[in-house]
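Residues per chain are reported as follows:
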Amino acid sequence: MPLPASRTAPGAPPRARLLVRLLAVLAVVLGTALAAPAPQARAAVTLTRVTDFGTNPGALTMYVHRPATLPAHPPVVVALHGCTQSAQVYADNSGLPQLADQDGFLLVLAETSAANNPSGCFNWFQSGDNRRGQGEALSVRQMVSHAVTAYGADPRRVYVTGLSAGGAMTAVMLATYPDVFSAGAVVAGLPYDCTRDNSPYTCMNPGVDLSPADWAQRVRDASPSYTGPWPRTAIWYGDQDTTVVPRNATELRDQWTALHGLSQTPTRTSSIGPDATRQDQYLAADGTVAVEVDRVPGIGHGTPVDPGTGSEQCGSTGAPYFLDSICSSRWIARFFGLDTTGPGGPGDPGPGDPGDGGTAACWTASNYAQVQAGRATTSGGSTYAKGSGQNMGLYNTFVTHTLKESPTGYFTLADAGCP
């Protein structure tokens, strides 16, 4: 993400104006250097522009990718691009439209402009845009409202993800509208409200170290009357990122684990994907994964993708900031509970599959069989329900549980009975 451009009031001191000009020049230099010729991208994803989604105080543009076969009351995933990018670039390279087609969710892409920010960044660092009820945050909220009313989407299954400035804006949306978003995935982003007493450049690099309690309070201050559950949060970053340094992932973890009342020590750690990404998960008392941190080795600043046609692959490196490593969008969809690929997905619906509008699907089987069917995963000798992450006990053929699937691809324990 190039450094975010700033605006200085006409009456600002000369030194402040000079600093802003120098930073703006640096942003242009970085943007030019990072926008070098890239491999040819695949055919452009078809997006539909929506012009009447609300008052739009943040002057954003709304695009929608609607799968050809969309189930009734689909989930919604909002995607927020990074600096120097566009909604089209993000759609063409992130792999999210492919997953929307496979998993049956409505993809909403918000886009900012040079009129809002000369570097094409979402204004995650400006108080006029990162507070509830105003600016860009309200514009994104209005896009969700439109998706629910115009497409019949499920307001209980709304998610948000984004890269860099879009990742920072993802944290803004989770903090300012916890009543709207069930979960979010911050990719190479920053903790909410870091710029309350720091410049955006300091927040990005070297980062700001606050206590978990202090970070959590900044989110509570964004929604002081909110008393419901906090959104589940996934945090993705490259361990070689020098633009938004890895410290920000640690501070994001501190912010969201503290909100959920959890320790900053992971409940479990595993290795995922072809590049051995380290995945730390922080489980709530009911076994759900409340916070997840995914450290991608050997990459810098960008969205991790894994081009190809394999079931675990997605995305393209046809534009800057899309880095060949792991299909992060696939894992993010799983974290949201939307991924239905593999055994136990659409090819193995079972009775009353929620994807066909019936009642929730249920399976009773040993932990070994649940894992083999793709309804659960195993780590460290234990078994965990796919999607919810609930602990099912030892991975063997002797322990038996009933799993309920609702929504599609999201499994929870239902030993007490499954309608």
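Heads up: the structure comes first, above all this text.
All of the points below concern the structure found in this document. (Residues numbered from 1 in each chain as written. Predicted model: local features only at pLDDT ≥ 70, side-chain atom pairs only at ≥ 80, totals over all residues. Heavy atoms only, no water.)

### Quick look at the environment of Gly380
So, point 1. In this structure, Gly380 sits in the loop between β14 (376-379) and β15 (382-385).
So, point 2. When the C-alpha atoms of Gly380 and Arg268 are compared, they prove to be 8.3 Å apart, with 112 residues separating the residues in sequence. (Helix = DSSP H or I, 4+ residues; strand = E, 2+ residues; numbered from the N terminus.)

### Things to note about helix α7 (residues 212-222)
So, point 1. Along α7, the residues that are buried comprise Trp215, Ala216, Arg218, Val219 and Ala222. Looking straight down α7, one finds its buried side chains confined to an arc of 150 degrees; they lie on one side.
So, point 2. At its buried positions, α7 is contacted by α5 (165-176) and α8 (247-259). (Buried < 20%, exposed > 50% of the residue type's maximum accessible area, 1.4 Å probe, protein only. Arc of directions from axis to C-beta. Contact = heavy atoms within 4.5 Å.)

### Considering unusual backbone geometry
So, point 1. Following Asn205, the chain continues to Pro206 via a peptide bond in cis, the omega torsion being 25 degrees.
So, point 2. Along the chain, Pro206 falls in the loop between α6 (200-204) and α7.

### Some details on the pattern of salt bridges
So, point 1. According to the stated counting rule, one finds twelve salt bridges in the structure shown.
So, point 2. The residue Arg253 makes a salt bridge to Asp254 at a minimum N-O spacing of 2.8 Å.
So, point 3. Since its relative accessible area comes to 7%, Asp254 is described here as buried.
So, point 4. Here Asp339 ties to Arg334 by a salt bridge, and the two come within 2.4 Å at their closest N and O atoms. Comparing Asp339 with Arg334 shows no difference in burial state: the two are buried. (Salt bridge = Lys/Arg side-chain N within 4 Å of Asp/Glu carboxyl O.)

That's the geometry; what it means functionally is another story.
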